[in-house]
Amino acid sequence: MSASRHPALLSTDPELASFVAAEEVLQAQTLRLIPSENYVSAAVLEASGTVLQNKYSEGYPGRRYYEGQQNIDRVEALAIERAKGLFGVDHANVQPYSGSPANLAVYLAFAKPGDTVMGMALPMGGHLTHGWGVSATGSWFRGVQYGVRADTGLIDYDAVRDLALAERPKLIFCGGTALPRTIDFAAFAEIAREAGSILVADVAHIAGLIAGGAHPSPVDHVDVVSTTTHKTLRGPRGAMLMCREEHARAIDKAVFPGLQGGPHNQTTAGIAVALHEAAQPSFTAYAHQVVANAKALAAALLQNGFDLVSGGTDNHLILIDLTGKDVPGKIAAKALDRAGIVVNYNTVPFDPRKPFDPSGVRIGTPSLTSRGLSTEHMPLVADWIARSVDAAAKGDEQALAAIRAEVTDLMAAFPAPGLPLS
Ligand code: DSN
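Residues numbered from 1 in each chain as written. Predicted model: local features only at pLDDT ≥ 70, side-chain atom pairs only at ≥ 80, totals over all residues. Heavy atoms only, no water.

Student: Just checking my understanding: could you explain the overall build of the protein chain for this structure?
Tutor: In terms of regular secondary structure, the protein chain is built from 16 helices and 15 strands. Over its C-alpha atoms the protein chain spans a radius of gyration of 22 Å, differing by no more than 12% from the 22 Å that the globule rule assigns to 422 residues. The burial tally for the protein chain puts 55% of its 422 residues in the buried class. Of the contacts formed within the protein chain by residues at least 6 apart in sequence, a portion of 71% connects residues at least 24 apart. Carbon and sulfur atoms provide 54% of the accessible area of the protein chain, an area that totals close to 17300 Å². Taking the average location of the 34 positive side-chain charges in the protein chain and that of its 42 negative ones, the two points are 3 Å from each other. (Helix = DSSP H or I, 4+ residues; strand = E, 2+ residues; numbered from the N terminus. Rg over C-alpha atoms; globule rule 2.2 N^0.38 Å. Buried < 20%, exposed > 50% of the residue type's maximum accessible area, 1.4 Å probe, protein only. Contact = heavy atoms within 4.5 Å. Areas by Shrake-Rupley, 256 points an atom, 1.4 Å probe, with all protein chains shown as cover. Lys, Arg positive; Asp, Glu negative; His and termini not counted. Charge placed at Lys NZ, Arg CZ, Asp CG, Glu CD.)

Student: Please explain the packing of aromatic side chains as it appears in this structure.
Tutor: Each pair of aromatic rings is reported with the distance of its centres and the angle of its planes. The full count for this structure, using the stated rule, is eight aromatic pairs. An angle of 40 degrees between the planes, with centres 4.7 Å apart, marks the rings of tyrosine 107 and phenylalanine 141 as tilted. Taken together, the positions of tyrosine 107 in helix H5 (residues 99–110) and phenylalanine 141 in the loop between helix H6 (136–139) and strand E6 (142–146) put the pair 34 residues apart, joining distant regions of the chain. Note on accessibility: tyrosine 107 and phenylalanine 141 belong to one class, buried. Judged by centre distance (5.4 Å) and plane angle (70 degrees), the rings of tyrosine 157 and phenylalanine 188 are edge-to-face. (Phe/Tyr/Trp six-rings, centres within 6.5 Å; stacked < 30°, edge-to-face > 60°.)

Student: So what exactly am I meant to see when it comes to the side chain of aspartate 252 here?
Tutor: On the secondary structure map, aspartate 252 appears in helix H10 (residues 245–259). Buried charge without a salt bridge: aspartate 252, with arginine 63 as the nearest opposite-charge side chain at an N-O distance of 4.4 Å. Beyond its immediate stretch of four places on either side in the chain, aspartate 252 contacts Tyr60, Arg63, His91 and Asn93. (Salt bridge = Lys/Arg side-chain N within 4 Å of Asp/Glu carboxyl O.)

Student: Can you help me understand the side chain of aspartate 73 in this one?
Tutor: Residue placement: aspartate 73 occurs in helix H4 (residues 70–87). Look at aspartate 73 and you get buried, because its relative accessible area is 18%. Not counting the four nearest positions on each side in its chain, aspartate 73 is found in contact with Tyr60, Pro61, Gly62 and Arg64.

Student: Just checking my understanding: could you explain the packing of H4 against helix H11 (residues 265–278) for this structure?
Tutor: Angle between the axes and distance between the axes are the two parameters that describe a pair of packed helices. Interhelical geometry of H4 versus H11 gives an angle of 35 degrees and a closest axis separation of 9 Å. In the crossing of H4 with H11, the sense of the turn from one axis to the other is left-handed. In contact with Ile72, Val75, Glu76, Ala79, Arg82, Ala83, Leu86 and Phe87 of H4, H11 contributes Asn265, Thr268, Ala269, Ala272, Val273, Leu275, His276 and Ala278. Tallied by class, the residues present in the contact of H4 with H11 amount to 11 nonpolar, three polar and two charged. (Axes fitted to C-alpha atoms, helices over the stretch in contact; angles between N-to-C directions. Left-handed = near helix turned anticlockwise from the far one by under 90°. Nonpolar A, V, L, I, M, F, W, Y, C, P; charged D, E, K, R; others polar.)

Student: Help me understand the sheet that holds strand E7 (residues 171–174) in this model?
Tutor: Two pairing modes exist for strands in a sheet, parallel and antiparallel, and in both the strands are linked by backbone hydrogen bonds. Reading across the sheet, the seven strands line up as E4-E10-E9-E8-E7-E5-E6 and stay open at both edges, with mixed pairing between neighbours. Here the strands that pair on one side only, and so sit at the sheet edges, are strand E4 (91–93) and E6. Recorded for the sheet is a direction-independent mean angle of 20 degrees between the axes of neighbouring strands. Summarising the sheet, strand E5 (residues 116–120) and E6 pair through five bridges and their orientation is parallel. Counted as the bridge partner of glycine 119 is glutamine 145 from E6. (Pairing = 2+ DSSP bridges.)

Student: Please explain the site of the ligand as it appears in this structure.
Tutor: Taken together, Ser36, His127, Thr177, His205, Lys231 and Arg362 make up all the residues around the ligand. In this structure, an oxygen atom belonging to the ligand sits 2.7 Å away from a side-chain N or O atom of serine 36. For the ligand, an oxygen atom lies 2.8 Å from a polar atom in the side chain of histidine 127. For the ligand, whose accessible area on its own is 240 Å², the fraction buried by protein is 63%. Split into classes, the residues belonging to the shell around the ligand amount to no nonpolar, four polar and two charged. (Near = heavy atom within 4 Å. Polar contact = N/O pair within 3.5 Å; in protein donor to acceptor, adjacent residues only side chain to side chain.)

Student: How should the pattern of salt bridges be read in this particular structure?
Tutor: Note that side chains of opposite charge can pair when their charged atoms are close. Under the definition given, this model contains 18 salt bridges. Note that glutamate 167 is salt-bridged to arginine 142, the shortest N-O span being 3.0 Å. Of this pair, glutamate 167 sits in helix H7 (residues 157–167) while arginine 142 sits in strand E6, and the two are 25 residues apart along the sequence. Judged by relative accessible area, which is 24%, glutamate 167 ranks as partly exposed. Accessibility expressed as a relative area gives 40% for arginine 142, which makes it partly exposed. Of the charged contacts in the structure, one is a salt bridge between aspartate 357 and arginine 353, with a shortest N-O distance of 2.9 Å. The partly exposed category is assigned to aspartate 357, whose relative accessible area is 30%. Each member of the salt-bridge network shares a partner with another, and the members are Arg64, Asp73 and Glu76.

Student: Sorry, what's going on with unusual backbone geometry here?
Tutor: Leaving glycine out, the prevailing phi sign among residues is negative, and the prevailing peptide bond configuration is trans. The step from phenylalanine 256 to proline 257 runs through a cis peptide bond, and the omega angle for that step is 10 degrees. Note that proline 257 resides in helix H10. Phi is positive for arginine 234, which is not a glycine, with a value near 65 degrees. Mapped onto the elements of the fold, arginine 234 is located in the loop between strand E9 (224–228) and strand E10 (239–243). With relative accessibility at 18%, the residue arginine 234 sits in the buried group.

Student: Can you walk me through the nonpolar core in this structure?
Tutor: In a soluble, globular protein the nonpolar side chains are often hidden away together inside. By size, the foremost hydrophobic cluster in this structure holds 52 residues, and its most contacted members are Phe87, Phe188, Leu233 and Met240. Apart from residues no more than four positions distant in its own chain, phenylalanine 87 is found in contact with Ala207, Ile210, Ala211, Val219, Leu233, Met240, Met242 and Leu275. Counting 38 residues, the second largest nonpolar core, distinct from the first, contains Leu33, Leu336, Ile341 and Ala382. (Core = buried A, V, L, I, M, F, W, Y, C linked by side-chain atoms within 4.5 Å.)

Dropping the structure here:
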C-alpha cells in the first residue's frame, strides 16, 4: 500500500493496512471471474469512505428523527432521483443494507409469518432469501420452490404456473444467483396475476445489464424490484428496492422502522455516484460488452469440451457443469484460485453432490470487462480454465504456477478501476 493512498491507516494500524495492501495486490493480479463481484470506480470508493459515515439519519429525506440532516437529505434525495431516472420507476428506497435485508423487507411489507411464498430453489439457481429452508425466509414463511427443466436447464414456466395456481403464494420471486439465461418477466407477471400474488424481481445480478439496456427491464411487469448495488451495477455494497407509487409506503415502512435502523449514509453516497456512472453512454457500452464477453467465453469453453448449464449464456454468467470431468467443483475452484483465476464452486441443477462439495463452477464477466478485456481475450481465458482443470485432475502444481504467471502478465496490461497497483 502506498503511504499516499491510506497514510492515516498505515500509521495507526499497520497490521490492518498490510491486509488491505495485500488485497489490493490480489485484486490487481488475479483474473476475477466471480459473477457477483466487480471493481468500483475510484469515485465510488471515495464517496463510500467519507464523513457521511459519522451521521445518524433514521427516517427519510425531510422526515428524520435526528437533526443536522441538511447535507444527508441532499445525498439520499440525489440517490433516489438517480435510481428513479435510471430504472424508470415511481419510487426507490436506497437504504437496505444489502440484498438479504432488502428481500426481508419485501416479506415484511406484503406477507405474514406462515404465509406461502414462492421462489426458485437455491440449487436450481435461486437465492437463499427466496424461501429456501435454511434461510429465515424459508423457516418463518412456507416456501414453495420451482426449478429448471432437466433436459434444457431453462425455467419451466408451465411448472411455475401450475405451482403458483396450486399454492396461491403471497409473494413470487423471480431472479436468482446462478441463472445464465434471460428472465421472462412478462411470463412471470401473467402467472402472478392469475395466482393473485405480489411479484418481486430480484435483479441483483443483472441490475447493471438492465441499466445499460443489455437485459430486458422488469419494471413494467412486477410489483417490486429488489437489487443489490455492487454486482453488474458496479456500486458499493448495498441494495435498493424500487416499486410503483401504490407500494411506496409499504416498502418504506418495512425498511425503516420495520427492519433497519439508520441508513449507511456513506454507502448511499457511493450508490448515488454509481447510479450517475451507470447513466453514462460508456456504461451502456460496458453492459453490452459484459454480455458479449460472456457469450464469447461460453463458446470457447464449449470448444474446450466443457458442459454448460443451459448450453451457454444470455447474460454475464456461466455455470460450468463438471459432472462429466474427473474434477468436482470445489477442487476445480481451488486449483483455479492457485492459477490466479478466482471463481466460486456452485451446485448445478439436479446436482448429485452436496452444496459444500458440488459439481459446478460459476463464473462471469463483469470484473474482467471493467478492466477492458474483450471478446478477443476469451479464448485465452477458456484455455486457462481448461488447463487449470486438467492440472487439477493430474495434481500438476507446476502447470498451475505457469498459468498464474501468464494471468499476472495479462492483468498487468489491464489496470482495474479504483486500484493503484494495476
Ligand atoms: N451474493 C450472491 C452471489 O454471489 O450471487 C449470493 O448471495
